[in-house]
Amino acid sequence: SAVISQKPSRDICQRGTSLTIQCQVDSQVTMMFWYRQQPGQSLTLIATANQGSEATYESGFVIDKFPISRPNLTFSTLTVSNMSPEDSSIYLCSVGVGGTDTQYFGPGTRLTVL
Amino acid sequence: KQEVTQIPAALSVPEGENLVLNCSFTDSAIYNLQWFRQDPGKGLTSLLLIQSSQREQTSGRLNASLDKSSGRSTLYIAASQPGDSATYLCAVRPVAAGNKLTFGGGTRVLVKP
């Protein structure tokens, strides 16, 4: 299994500002994933973060809006830039572990943009 | 493109009744299917993972079946308890998508005492 922590757990931000979310894993993993869950919705993959290379973004998500860092095999950050109320969501990171590649998720960061 | 559907979207049962949650997917080319539980405002907790070669997995009161050819999985929760109240999400890992998961919309479960 994997133990994943995220900081902050929640935040309330003003429109036009940026927030950086941290994700820490208790073991080394090749790929880390960032998801967004809008209110009442299911999860949507934002991007895949590989250590040592640029993140791969899904359709509808761009690096200027969601820059990602992956400085080592246990840590990643996601920045939500120039926020608007539509960015209010829970942001979750996840990793795959073990031979079965079971996916484990962090506790999430609940973001509210006013 | 893989699509995952969960029906019903919400379910309310009296305590002690068995829960049956359904998940369907459009493309049978998957590596595995995973069931998660999510409490309000929280992250996801992995419940069960079924490999594409398996037909079911069991953990305590939970049993998940997989019929890959028909694109269906069912999560059974025996003797439901109020603590089982949560949203249950299924996700598939399509062969064509590498390590990415495709999620269903979830089933919100309420177990009444």
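In what follows, the structure referred to is the one given above.
Attention in this report is confined to the structure presented alongside it. (Residues numbered from 1 in each chain as written. Chains lettered and ligands numbered in written order. Predicted model: local features only at pLDDT ≥ 70, side-chain atom pairs only at ≥ 80, totals over all residues. Heavy atoms only, no water.)

### Brief notes about the overall build of chain B
Then comes step 1: Summing up its helical and strand segments, chain B has zero helices and 11 strands in all.
Then comes step 2: Start at the N end of chain B and walk to the C end: the helices and strands fall as β-β-β-β-β-β-β-β-β-β-β.
Then comes step 3: The C-alpha atoms of chain B give 13 Å as radius of gyration, which agrees with the globular expectation for 113 residues (13 Å, within 12%).
Then comes step 4: Overall, chain B is about 45 × 30 × 20 Å in size when its C-alpha atoms are taken along their principal axes.
Then comes step 5: A buried classification covers 43% of the 113 residues belonging to chain B. (Helix = DSSP H or I, 4+ residues; strand = E, 2+ residues; numbered from the N terminus. Rg over C-alpha atoms; globule rule 2.2 N^0.38 Å. Buried < 20%, exposed > 50% of the residue type's maximum accessible area, 1.4 Å probe, protein only.)

### Topic: the interface of chain A and chain B
By a widespread convention, an interface's size corresponds to the accessible area lost as its parts come together.
Then comes step 1: Contacts between the two partners involve 20 residues from chain A, matched on the other side by 19 residues from chain B.
Then comes step 2: In total, about 1,500 Å² of surface goes out of reach between chain A and chain B, with carbon and sulfur atoms giving 55% of it.
Then comes step 3: For the pair chain A and chain B, the interface holds one salt bridge.
Then comes step 4: Of the charged contacts, one joins Lys100 of chain B and Glu58 of chain A as a salt bridge, the two residues approaching to 3.0 Å between their closest N and O atoms.
Then comes step 5: Viewed at the interface, chain B and chain A are joined by five residue pairs in polar contact (both at pLDDT 80 or more).
Then comes step 6: At the level of elements, strand E4 (31-37), strand E5 (43-50), strand E9 (89-97) and strand E10 (102-105) of chain A are the ones that each hand at least two residues to the side of chain A that touches chain B.
Then comes step 7: Residue composition of the side of chain A that touches chain B, grouped by class: 10 nonpolar, seven polar and three charged. (Contact = heavy atoms within 4.5 Å. Buried area = accessible area lost by both parts, 1.4 Å probe. Salt bridge = Lys/Arg side-chain N within 4 Å of Asp/Glu carboxyl O. Polar contact = N/O pair within 3.5 Å; in protein donor to acceptor, adjacent residues only side chain to side chain. Nonpolar A, V, L, I, M, F, W, Y, C, P; charged D, E, K, R; others polar.)

### Some thoughts on the pairing of strand E5 (residues 44-51) of chain B
Then comes step 1: Where strand E4 (residues 30-38) of chain B and E5 of chain B come together, seven bridges link them in antiparallel fashion. By the bridge assignment for E5 of chain B, Asn32 of chain B is matched with Gln51 of chain B. (Pairing = 2+ DSSP bridges.)

### Points about the sheet that holds strand E7 (residues 62-67) of chain B
Residues and elements named next belong to chain B.
Then comes step 1: Read across the sheet, five strands follow the order E1-E3-E8-E7-E6 without closing on themselves; strand pairing throughout is antiparallel. In the strand order of this sheet, the two ends are held by strand E1 (4-7) and strand E6 (56-59), each with one partner. Averaged over all adjacent pairs, the angle separating strand axes in this sheet is 15 degrees, with direction ignored.
Then comes step 2: Looking at chain direction, E7 and strand E8 (residues 72-77) are connected through six bridges and run antiparallel. Bridging across to E8, Ser65 finds its partner in Thr74. (Axes fitted to C-alpha atoms, helices over the stretch in contact; angles between N-to-C directions.)

### Quick look at the pattern of salt bridges
All names here are of chain B.
Then comes step 1: Considering all chains together, one arrives at four salt bridges over all chains under this definition.
Then comes step 2: For Asp39, the salt bridge identified is with Arg37, shortest N-O distance 3.0 Å.
Then comes step 3: With a relative accessible area of 28%, Asp39 lands in the partly exposed category.
Then comes step 4: Since its relative accessible area comes to 17%, Arg37 is described here as buried.

### A word on the sheet that holds strand E3 (residues 19-25) of chain A
Residues and elements named next belong to chain A.
Then comes step 1: Read across the open sheet, the four strands follow the order E1-E3-E8-E7; overall the sheet is antiparallel. Strand pairing shows two members of the sheet lacking a second neighbour, strand E1 (4-7) and strand E7 (68-72), which therefore form its edges. Taking the axes of each pair of neighbouring strands and ignoring which way they run, one obtains an average angle of 15 degrees across the sheet.

### Considering the environment of Leu89 of chain B
Then comes step 1: Note that Leu89 of chain B resides in strand E9 (residues 86-94).
Then comes step 2: For Leu89 of chain B, a relative accessible area of 1% corresponds to the buried category.
Then comes step 3: Taking the C-alpha atoms as reference points, Leu89 of chain B and Gln54 of chain B, 35 residues apart in sequence, are found 19 Å from one another.
Then comes step 4: Ignoring sequence-local partners within four residues, the contact set of Leu89 of chain B consists of Ser42 and Leu43 of chain A together with Gln6, Gln34, Trp35, Phe36, Gln38, Leu44, Phe103, Gly104, Gly105 and Gly106 of chain B.

### Looking at the packing of aromatic side chains
Then comes step 1: This model, assessed by the stated rule, comprises six aromatic pairs over all chains.
Then comes step 2: Ring-pair connections join several aromatic residues into one group, and the members of that group are Tyr35 and Phe105 of chain A together with Phe36 and Phe103 of chain B. (Phe/Tyr/Trp six-rings, centres within 6.5 Å; stacked < 30°, edge-to-face > 60°.)

### Here's the deal with the pairing of E8 of chain B
Residue and element names in this part refer to chain B.
Then comes step 1: The sheet contact formed by strand E3 (residues 19-25) and E8 spans six bridges and is antiparallel. Bridging across to E8, Cys23 finds its partner in Ser73.
Then comes step 2: Linking E7 back to E8 in an antiparallel pair, the connection comprises four residues, with Gly71 at a positive phi of about 70 degrees.

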